Every structure is written in structure tokens, then in C-alpha cells.
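Close look at the chain arrangement
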Amino acid sequence: MPDALVQLAVAWRTLPSPAFSAAVALSATDQGDSVTRSLHFSWELSGSGWATCRIWDGSTKHRESVSYCTNALADLLKGVTGLYGPHGIQRFSFDLEPAEARWILRRRNSDVHITIRRFPDMSTSFDAPDGKGILVWTSTRPRTSLAHAVLMAAEKVRRTHGEDGYLQKWQMHAFPTTELETLRHLHLAADDCALQH
């Protein structure tokens, strides 16, 4: 079995919790050594107008409960999609009622530096500089890992609930089909991703 497939199988068997529904383990070369750079991400509708978002890079985890006050899943997909364009930095925020969770994605060659900062009140912090927020999670991973993990998590939401079921649970926004398909197209066209799609 090829090394990348062995690493993927090991990553799936060693997940810390079944909640991490989208896992990616990719082989990368770092100073001549083959290393696994895994990223686990999930997005689960957890109640009427709420979703639970989890991200884990193999050493540190982050979890937040996201409100339907913004089109959060669409914003996430658009933010990751933006990493394929000319702008090296993408920002989007989740409303945690009342807190703001701001994600800052910085592309560095084929990697993405992911930073999540928390602000106490989204109604007053939305335009505040990033540095005013409390750093709650950070990691650097290949763009292909992030894109694949987000794609698979969003696809799982659509498979689980269907587009009509999603709207019934999320209430304020329809399932972001266009955003999901746009990210899928760019990921498959630009990334060397050998994982199943």
C-alpha cells in the first residue's frame, strides 16, 4: 500500500473522537523527511439555528458553537475559496452570540496559516483590528488539507440533512451549494490531492 494511503488509514483509526468527521492526512516533504500533516474538521448542525464547528491539527483542538445570525458555512467556504485567488489573506467571522470568532487565513506558498481570535461582543468588534482579539487557536497546514477537510465536512452536512433539511434547521440561510461547488472545482483543479472526493 502506498505510504500516503497508509498514513491516511492510520489517521482515520487514531481520530480522538467520532465527532471529527472530515480527516485529511497528507505526506509532505520537510527538509528531506516525509511527515504527516493532518487536519481534522467538522461542521455539525447541533440545534435550531446552531452549528458546532471543530478543528484539530493532531496536537491542539478548537471547538465553537456558531449561530445562524450570519451565513456561517457559506462564509467559511468562501474564505477557503479565496485562498485560490490573488489575495493572500482571507478573513471571516462567526457569530457566537454575543462573541465574535474571527478566522484569519494567510496563504504562504502551498501552506495556510490559520488563526482564530475571539472578541467579546460581535456588535462592537466586527471592525476592530485582529490584534485586539484573544488568540484561541493557530496552526499551519497545507492548503490542500484545509480545502479538502472543509469540503468533506460541508458535503457531510448536505448528505446528512439534504438542502431542505439544512434550511429547516439553519433557518435563516439556504445550504451554500454554489460556494461548495466552487471550492470543489478550484481544489480539484489547483491542488494535487490524491484523496477520494
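Going by the structure above, here's the rest.
The residue numbering used here restarts from 1 in each chain and proceeds along that chain's sequence as written. Reporting in this predicted model follows two pLDDT cut-offs: at least 70 for local features of residues, and 80 or more for side-chain atom pairs to be given and counted; totals over whole chains, interfaces and linings ignore these cut-offs and use all residues. Values reported for side chains reflect all heavy atoms of the structure, with hydrogen atoms and water molecules removed beforehand.

1. Focus: the overall build of the protein
For the protein, the helix and strand inventory stands at five helices and eight strands. Along the protein, helices and strands appear, N-terminal first, in the series α-β-β-β-β-α-β-β-β-α-β-α-α. Exposure classes here rest on a 1.4 Å probe applied to the protein chains alone. A residue is buried below 20% of its type maximum, exposed above 50%, and partly exposed in between. Scored against the burial criterion, the 197 residues of the protein give a buried share of 51%. By definition in these notes, contact holds between two residues if any of their heavy atoms fall within 4.5 Å. Pairs at least 24 residues apart make up 52% of the contacts formed inside the protein by residues separated by at least 6 positions. By the criteria applied, helices consist of DSSP H or I runs no shorter than four residues and strands consist of E runs no shorter than two, each listed in order from the N terminus.

2. Quick notes on the pairing of strand β5 (residues 89–95)
Of all seven residues that make up β5, five are buried, and the element is covered over most of its length. Relative to strand β6 (residues 100–108), β5 runs antiparallel, the two sharing seven bridges. Directly across from D95, in β6, lies its bridge partner E100. Between the end of β5 and the start of β6, which pair antiparallel, lie four residues, with E97 showing a positive phi angle near 50 degrees. For two strands to pair, DSSP has to find at least two bridges joining them.

3. Considering the sheet that holds β6
A sheet is described by the order of its strands in space; here four strands give the open sequence β5-β6-β7-β8, paired in antiparallel fashion. If you trace the sheet from one side to the other, it starts and ends with β5 and β8 (134–142), each paired once. Looking at each pair of strands side by side, their axes are set apart by 15 degrees on average, direction ignored. Every angle, taken between N-to-C directions, lies between 0 and 180 degrees, and every axis is a line fitted to C-alpha atoms, over only the stretch in contact when it is a helix. Of the strands in this sheet, β6, β7 (111–119) and β8 touch helix α4 (residues 143–170), which is tilted by about 110 degrees from β8.

4. Some remarks on the side chain of E100
In this fold, E100 is placed in strand β6. Here a polar contact is recorded for every N or O atom pair within 3.5 Å, except that within protein the pair must consist of a potential hydrogen donor and a potential acceptor, and residues adjacent in sequence are included only if both atoms are side-chain atoms. In terms of polar contacts, E100 uses its side chain to reach the side chain of S93, at 2.6 Å. Among the polar contacts made by the side chain of E100, one reaches the side chain of R102 at a distance of 2.9 Å. Setting aside anything within four residues of it in sequence, one finds E100 in contact with S93, F94, R117, R118, F119, M122, S125 and F126.

5. Focus: the pattern of salt bridges
Salt bridge criterion: a side-chain nitrogen from Lys or Arg within 4 Å of a carboxyl oxygen from Asp or Glu. Taken as a whole and assessed by the stated rule, the structure comprises 11 salt bridges. The shortest N-O distance in the salt bridge between R91 and D130 comes to 2.7 Å. Of this pair, R91 sits in strand β5 while D130 sits in the loop between α3 (122–125) and β8, placing them 39 residues apart in sequence. Of the residues examined, D130 reaches a relative accessible area of 14% and is grouped as buried. Put simply, R158 and E155 hold a salt bridge, and the shortest N to O gap is 2.8 Å. Residue R158 and its partner E155 are located together in helix α4, separated by three residues, close to a single helical turn. The pair R158 / E155 is uniform in exposure class, with both members buried. Where salt bridges share partners, they join E155, R158, E163, E181 and R184 into one cluster.

6. A look at α4
Here a helix's expected span is defined as the number of its residues, less one, multiplied by 1.5 Å. Here α4 is 28 residues long, yet its end C-alpha atoms lie only 28 Å apart, well below the 40 Å a rise of 1.5 Å per residue gives. Take the seven residues that end at a residue and the seven that start at it, fit an axis to each, and the angle between those axes is the bend at that residue. Along its length, α4 shows its largest kink, about 90 degrees, at G162. In the segment just after α4, Q171 is the residue with positive phi, at about 75 degrees.

7. As for the environment of S139
Examined against the element boundaries, S139 turns out to sit in strand β8. Sequence spacing of S139 and H113 is 26 residues, and the spatial spacing of their C-alpha atoms is 5.9 Å. Filtering out sequence-adjacent residues up to four positions away, S139 remains in contact with D57, V112, H113 and I114. Polar side-chain contacts of S139 include one of 2.7 Å to the side chain of D57.

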